[in-house]
Amino acid sequence: MPSTAALLLAVLLAWALGRIAPAGASVRVAALALGFALVAAALAGTLLEKLRLPRVTGYLLFGMLCGPYLANIITRPMARELQIINGLAVTLIAFIAGLEMNLERLAPRFRAMLRLGGTTMALMYVALFVLFWITWPWLGIAPALTGVQRFAVAALLTTLVASFSPTVTIALIAESRAAGPLSELTLAVVVFADLLLILVFTVTMQGVRTAFGGEAEVGLLMSVMWEIFGSFAFGAAAGALFAMYLKFIGREVPLALIAFCATVTAAGDALHLEPLLSALAAGLVVENIAPPRGDSLKLAVEHGALPVLVIFFAAAGASLQIDALATIGGVAVAVSLARMLFIWSGARLGIRAAGLGPGPSQMVWMGLVSQAGVTLGLTLIVAAEYPAWGVQIQTLMVSLIALHQLIGPVLFRAALARAGEIGGMNQGVNPNPESLITNP
Amino acid sequence: MTWFALRTRAALGLAPTMVPVSLYVPLGFVLGPRVLNVLSYDVLAHLDGVVSVALATLGVFVGIALARQARTSGRLIAAASIESAMTIVVVTSAIVVLLLQWQVPISGEPGLIALVLGTAAAASSAGAAEAGVALSDRLALTVADLDDLVPILVGAIALSLAADGARSGLGIALAQTAGIGIVIGLIGWLLFERASGPGDRAVYVLGTLAMLGGAAAYVKYSPMLTGLVAGAVWRLAPSRADEIIGADLRKFHHPLLVLLLIDAGAQIGPYAEAIWLFAPFVVFRLTGKIVGGWAAARLAPELAADALGAYLFPPGVIGLAVALNFQQIEATSGAVIVSAVAAGAVAFELIATLAAQRPERTA
């Protein structure tokens, strides 16, 4: 009841401020947007948690309902200001994921994880490509394309649709404090798929350029290599520096953590690195090479992560283009259902190939449904380079992301709850590898 | 020596209640757009929102402190308010006369500029001085702590006049500012104690502070006044809201104050008007503090006027905050005022240093 009252007061205040604001007030809206989104989205998350739904979905729904496409309490300028935190959020989320990956613990399962991820992705790529090839005239994306061009664009669409969201997966694990075999397995698969996505997208874009008579960029492969390996190297070095800070100074850790993530984000932009990979590598180094003594980093993550997650998902919700879903809702729902079917069957096949027995691993497909920012970023590249049909791909992808942002977290949280892993970090649960792998 | 040691501790962040103006303001100037350009105009524009939150945070501190003392030290609050009001009157009237008589080519309303300078001059930094053992010293320190109420109120009035006094009327503007503070104070009161863990609490504390600063900045009102009202609500409401926010604020109020000082330093420019205003600001602030100290001692006889003066000379962060807040609304004349007040704050800290070292030498 007090939470609902506070939420109502916050919404009423935001509405009233809009009425009394002088002309030109929209330029000074950043702090208000952050404050309102923090309080109101966090409350929405808490309310949804009481309904056994993920908090993340609460943040997203709040952003969507109050955003510029529906109630317009979070106006377009406010939504734009909220996006500022996106880079920082992705870096922090990936850093947390790195901290959760203890290589010593994961080593015995590494091969199984690779097999599961590889098989799932392979089946998804093949099945989605065949589906798109057959149903091409009805997808609404340049139906007149034939031959090599249709092949190339269908492959590109397959790459985008097959992608997962490491950000949402990691955020959900961090937010629900989940720990256990399912969390680790899902995390490994989405990170592996993200690496694969960058590689396959580069190759398919080269194929599209060649098919449409353009020149393939010779240096592009090199830049992809730089993006992957450079990001890991930079992240490892940054992680080592941060570990030294924790060891020798160890003061103001929450602020230092935010400053560290901001630096990695800014350096990533400047050096054309992938902040997600850099931060993941940094987290891996801190966790596996120089783990901090005491709880200072753990507490800093607890204090620092939640505000960033709340803003990140509220901003994502506010930017969900509901109108796109309304435009091609039928096609999007059909593609989404097919994608989920292929994820489910791919994961089942992967589990068998990896020799994983019954148990939490059977639910890994539920953690692979979400899609978010990385996919959207790649879609924007396609739309900018090929506006003739890229815009249709963008509309379809935006609709799919809207659907998967809402469905994915609900499914994954349900899986984590069924596996009994929610709150596992608080209880100091040490995942037991034996429960996941039945073969020697 | 003790004073120097305390200063060094503060500079290293080991004594978070003390923030040396003479260190961070020049540092901000060096980092600012006129020297190294690390804090470029673009970066400063992005920091604008954070500055509003920092201003609101200062207001929360003052609000909690005032509400805490209100029941037991009503007379000291009155004395402190009279002291700061006298300073405002002295500095404002003297500068407005000079501006009109000498016809200084400064953009903006002379009365408003003088009022902002007077308000910025009124605050004192109790944390910059070391408490003596005598009762009069401790009381003087309390007065220096409590004299921020009037500058925040008058600063809010100046801000409303600068933003557009005719928009809704001064009274309504102040009532709306207080109303925003009360509503956000209620939101915090409903949430702080019910947070399910430290992460949740951090979200609520950060969120309410950002709302306090952001809401006021959005409608061009005073973030310090919204913060003050919310702080008072948290203190007076039947809960532990003030303790919770106090504990959380302790973790990051020092960085916020440092940010304010660095931002003020970065805004300093070589304006002829600022150089012109600097000397009257310093001279009339000194006069105002002496007169104000005398008036406060008349109201509360347990205060020794000479001890009070020594504690009132160090500049307050609130003074710089008032100037920065005005600059957010009125960029051109605000930059001149921030430059004069920041330079004056450094000068006053040096004066306070000399005043603090003299007794040690005699001892």
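Residues numbered from 1 in each chain as written. Chains lettered and ligands numbered in written order. Predicted model: local features only at pLDDT ≥ 70, side-chain atom pairs only at ≥ 80, totals over all residues.

Participant: What's the story with the overall build of chain B in this structure? I'm lost.
Facilitator: The helix and strand inventory of chain B stands at 15 helices and 0 strands. Buried positions account for 57% of the 363 residues belonging to chain B. Long-range contacts, defined here as pairs at least 24 residues apart, represent 81% of the contacts in chain B between residues at least 6 apart. (Helix = DSSP H or I, 4+ residues; strand = E, 2+ residues; numbered from the N terminus. Buried ≥ 20, exposed ≤ 12 C-beta atoms within 10 Å, placed from the backbone. Contact = placed C-beta atoms within 7 Å.)

Participant: Please explain the packing of helix α7 (residues 110-139) of chain A against helix α8 (residues 147-161) of chain A as it appears in this structure.
Facilitator: Helix-helix packing: each pair is described by the crossing angle between the helix axes and the interaxial distance. All names here are of chain A. Running from N to C, α7 and α8 cross one another at 130°; their axes reach a closest spacing of 9 Å. For the element pair α7 / α8, the angle class is oblique. The two elements α7 and α8 cross, and the hand of that crossing is right-handed. Taking contact as the criterion, the partners of Tyr-125, Leu-128, Phe-129, Phe-132, Trp-133 and Trp-136 in α7 are, on α8, Arg-150, Ala-154, Ala-155, Leu-157, Thr-158 and Val-161. Looking at side-chain class alone, the contact of α7 with α8 contains 10 nonpolar, 1 polar and 1 charged residues. (Axes fitted to C-alpha atoms, helices over the stretch in contact; angles between N-to-C directions. Parallel < 35°, antiparallel > 145°, perpendicular 65-115°, else oblique. Left-handed = near helix turned anticlockwise from the far one by under 90°. Nonpolar A, V, L, I, M, F, W, Y, C, P; charged D, E, K, R; others polar.)

Participant: I tried to follow the packing of helix α3 (residues 41-70) of chain B against helix α4 (residues 74-102) of chain B on my own but got confused; where do I start?
Facilitator: Residues and elements named next belong to chain B. Contact pair α3 / α4: the axes reach a minimum separation of 8 Å and the direction vectors enclose 135°. With respect to α4, the element α3 is oriented oblique. Residues Leu-66, Gln-69 and Ala-70 of α3 form the contact with α4, whose participating residues are Gly-74, Leu-76 and Ile-77. Its residues placed into classes, the contact of α3 with α4 shows 4 nonpolar, 2 polar and no charged.

Participant: Teacher, can you tell me more about helix α12 (residues 253-271) of chain A here?
Facilitator: Because each turn of an α-helix spans 3.6 residues, side chains separated by three or four positions end up pointing in the same direction. Residues and elements named next belong to chain A. The terminal C-alpha atoms of α12, which comprises 19 residues, lie 26 Å apart, in line with the 27 Å expected from a rise of 1.5 Å per residue. When α12 is considered as a whole, its buried residues turn out to be Val-253, Leu-257, Phe-260, Cys-261, Val-264, Thr-265 and Gly-268. The buried residues of α12 occupy an angular sector of 130° when projected down its axis, which confines them to one face. The exposed residues of α12 that point more than 90 degrees off its buried face are Asp-269 and Ala-270. Just beyond α12, the residue with positive phi is His-272, at close to 55°. (Expected span 1.5 Å × (residues − 1). Arc of directions from axis to C-beta.)

Participant: Can you walk me through the interface of chain A and chain B in this structure?
Facilitator: Interface extent is often summarised as the accessible area lost during association of the parts. Each partner contributes to the interface: chain A provides 30 residues, whereas chain B provides 34 residues. Elements supplying a minimum of two residues to the side of chain A that touches chain B: α1 (2-20), α2 (30-50) and α14 (296-318) of chain A. The greatest single-element share of the side of chain A that touches chain B, amounting to 10 residues, is contributed by α2 of chain A. Grouping the amino acids of the side of chain A that touches chain B by side-chain chemistry returns 25 nonpolar, 3 polar and 2 charged.

Participant: Help me out: how do you make sense of the nonpolar core in this one?
Facilitator: Soluble globular proteins tend to bury their nonpolar side chains together. Among the nonpolar cores identified, the biggest contains 281 residues, and Ala-37 and Val-310 of chain A together with Leu-117 of chain B are the most heavily contacted of them. Ranked by residues supplied to this core, first place goes to α2 of chain A with 15 residues. Residues contacting Ala-37 of chain A, with those up to four places away along its chain left out, are Ile-74, Leu-82, Val-310, Ile-311 and Ala-314 of chain A. (Core = buried A, V, L, I, M, F, W, Y, C linked by C-beta atoms within 7 Å.)

Participant: What exactly am I supposed to notice about unusual backbone geometry here?
Facilitator: What is expected of a backbone is that most residues other than glycine have negative phi and most peptide bonds are trans. Residues and elements named next belong to chain A. Positive phi, close to 40°, is recorded for Ala-142, a residue that is not glycine. By the secondary structure assignment, Ala-142 is in the loop between α7 and α8. Among the residues examined, Ala-142 registers 16 C-beta atoms within 10 Å and is labelled partly exposed. Not every positive phi belongs to a glycine, and Arg-177 is a case in point at roughly 55°. Relative to the helices and strands, Arg-177 is located in the loop between α9 (166-175) and α10 (181-211). Judged by the 18 C-beta atoms lying within 10 Å of it, Arg-177 falls in the partly exposed class.

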